[in-house]
Amino acid sequence: MADVRTTNIVVLPAAAKRPAGDVVHCDVTREATSDILDWLKDQGIYEDGAVALSTVDASPSRNARETEEAAPGAPDDAVVWDAVVDQGYAEARGSWAFYAFLTLATMIAAIAVITDSAILVVGAMVVGPEFGVVAALALGLALGRVRLTSQAFVLLAKGFLVAIVLTTLAALLARAVGWIDTADVTAARPLTGFIWRPDKWSAVVAVLAGCAGVLSQTAGRSNALVGVFISVTTVPAAGDLALSIALWAPHQIGGSAAQLGINLAGMTIAGVATLVLQRILWRWLINRRLSLRYR
């Protein structure tokens with residue numbers, strides 16, 4: 001295929017053993033990756049061969065610059081949908097590590113409530129692995145993939161259920177040995193009281209975090225996810241909920257559950273909207289650039 005958006009093409013005849021065939025390596029501009037992958041699908045490579053994607057951090061050559069200039073749009077604006085979908089299914093698959101990290105994060109959040117520690121709240125947010133599954137849920141809804149949507153939803157529900165139950169049991173044990181009592185939850189908590197008192201800003205932050213998180217994943221800027229992790233109170237709300245159940249503080253159970261629900265729903269809705277908007281804007285941008293080029 002002659003495509004000016006590709007360069008550094010290398011062909012190794014009969015080099016592949018399983019599946020058998022030729023090995024072709026090439027550098028493709030990010031803006032053109034989805035088009036190239038669609039072409040490979042049409043050629044049957046996805047069924048009869050194999051495709052592997054890797055990111056080139058830097059390619060300071062004239063060929064690379066010319067290739068980049070030949071592709072309309074900016075690299076950060078392009079979405080490699082095949083890679084995003086593959087990552088979504090990987091996140092929704094679940095693992096023992098997911099349950100372990102979510103449970104540990106929820107327990108850290110519960111301790112943050114007991115000690116009224118803002119630092120521990122931030123730590124619990126960073127440890128929590130739930131955003132990847134939320135992003136997979138948003139992706140499934142945006143692309144109409146029922147299997148991905150159901151897998152992500154079930155994993156998210158099971159993950160928080162396991163984390164809350166185990167944290168509740170740990171809190172009951174701590175209560176039995178006299179480490180904590182109801183006053184630890186019901187007393188004034190100037191630094192962590194916001195966890196069980198959701199307001200309009202909880203929804204706003206959840207929506208903004210959902211947009212930022214999805215953009216960071218689709219644009220390949222994973223470092224921005226750290227900011228998302230420490231901005232939403234999903235895990236802290238789960239920890240507060242477990243602690244309130246164990247120490248039986250009914251007036252805080254509803255608030256914690258509401259905070260958890262608002263954050264998860266807000267991030268999911270924002271993620272869906274961001275993905276749909278990205279698809280629409282990118283198609284419009286490509287069509288506009290092409291129409292200007294051939295006018």
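Residue positions are counted from 1 within each chain, in the order its sequence is given. Given that this is a predicted model, residues contribute local features only at a pLDDT of at least 70 and side-chain atom pairs are listed and counted only at 80 or more, while totals for whole chains, interfaces and linings are drawn from all residues. Processing note: side-chain calculations cover all non-hydrogen atoms of the structure and skip hydrogens and water entirely.

### Side note on the side chain of Arg-5
Then comes step 1: In DSSP terms, a helix is any run of H or I states spanning at least four residues, a strand is any run of E spanning at least two, and both are numbered starting from the N terminus. In this fold, Arg-5 is placed in the segment before strand E1 (6-17).
Then comes step 2: Any N or O atom pair separated by 3.5 Å or less is treated as a polar contact, with the protein-specific requirement of one donor-capable and one acceptor-capable atom, and with residues adjacent in sequence counted only for side-chain atom pairs. Only 2.9 Å separates the side chain of Arg-5 from the side chain of Asp-35, close enough to count as a polar contact.
Then comes step 3: Apart from residues no more than four positions distant in its own chain, Arg-5 is found in contact with Asp-27, Val-28, Thr-29, Ala-32, Asp-35, Thr-67, Ala-70 and Ala-71. Should any heavy atoms of two residues lie within 4.5 Å, those residues are counted as being in contact.

### Examining the pairing of E1
Then comes step 1: By the bridge criterion, 7 bridges tie E1 to strand E2 (residues 20-28) in an arrangement that is antiparallel. Within E2, the position partnered with Lys-17 by the bridge is Ala-20.
Then comes step 2: At least two bridges found by DSSP between two strands is the condition for calling them paired. Turn length for the E1-E2 hairpin, with the two strands adjacent in sequence and antiparallel, is 2 residues.

### Points about the pattern of salt bridges
Then comes step 1: Think of a salt bridge as a Lys or Arg side-chain nitrogen and an Asp or Glu carboxyl oxygen that are within 4 Å of each other. Per the counting criterion, the structure on display carries 3 salt bridges.
Then comes step 2: Across the pair Asp-35 and Arg-5 runs a salt bridge, and its minimum N-O distance is 2.9 Å. Here Asp-35 is found in helix H1 (residues 30-42), whereas its partner Arg-5 is found in the segment before E1, with 30 residues between them in sequence.
Then comes step 3: The partly exposed category is assigned to Asp-35, whose relative accessible area is 39%.
Then comes step 4: The closest approach of N and O atoms between Lys-41 and Asp-82, which form a salt bridge, is 3.1 Å. Taken together, the residues span a long stretch of sequence, with Lys-41 in helix H1 and Asp-82 in helix H4 (residues 81-93) at a distance of 41 residues. Each residue is placed in one exposure class: buried if its accessible area under a 1.4 Å probe, protein chains only, is under 20% of its type's maximum, exposed if it is over 50%, and partly exposed if it falls in between.

### Structural notes on the packing of aromatic side chains
Then comes step 1: For this analysis, a ring pair means two rings from Phe, Tyr or Trp (six-membered ring only for Trp) whose centres lie within 6.5 Å, classed as stacked if their planes differ by under 30 degrees, edge-to-face if by over 60, and tilted for the remaining angles. Inspection of every chain in the model, using the stated rule, returns 2 aromatic pairs.
Then comes step 2: Centroid distance Trp-96 to Tyr-99: 6.4 Å. Interplanar angle 55°. Geometry classified as tilted. A residue pair is termed a helical-turn pair when its members lie 3 or 4 positions apart in one helix, as Trp-96 and Tyr-99 do in helix H5 (residues 96-115) at 3 residues.
Then comes step 3: Its relative accessible area of 77% is what places Trp-96 among the exposed residues.
Then comes step 4: According to the relative accessible area criterion, Tyr-99 is buried, its value standing at 17%.
Then comes step 5: Judged by centre distance (5.7 Å) and plane angle (75°), the ring pair of Phe-98 and Tyr-99 falls under edge-to-face. Assigned by exposure class, Phe-98 and Tyr-99 land together as buried.

### Considerations on the confidence of the model for the chain
A low pLDDT score tells you not to read the predicted coordinates there in detail.
Then comes step 1: pLDDT: the predictor's confidence for each residue, scored from 0 to 100. Residues of the chain with pLDDT of at least 70 account for 90%, and the chain-wide mean is 86.
Then comes step 2: The least confident element of the chain, judged by mean pLDDT, is helix H11 (residues 225-229) at 62; the most confident is helix H8 (residues 146-176) at 96.

### So, the nonpolar core
Then comes step 1: Remark: nonpolar core denotes a set of buried residues (Ala, Val, Leu, Ile, Met, Phe, Trp, Tyr, Cys) joined through side-chain atoms within 4.5 Å. Of all hydrophobic cores here, the largest spans 54 residues; its most connected members are Leu-139, Leu-156, Phe-160, Leu-243, Leu-264 and Met-267.
Then comes step 2: Tallying contributions element by element places H8 first for this core, with 9 residues.
Then comes step 3: What Met-267 contacts, discounting residues up to four positions off in sequence, is Phe-131, Val-134, Ala-206, Gly-210, Val-232 and Thr-234.

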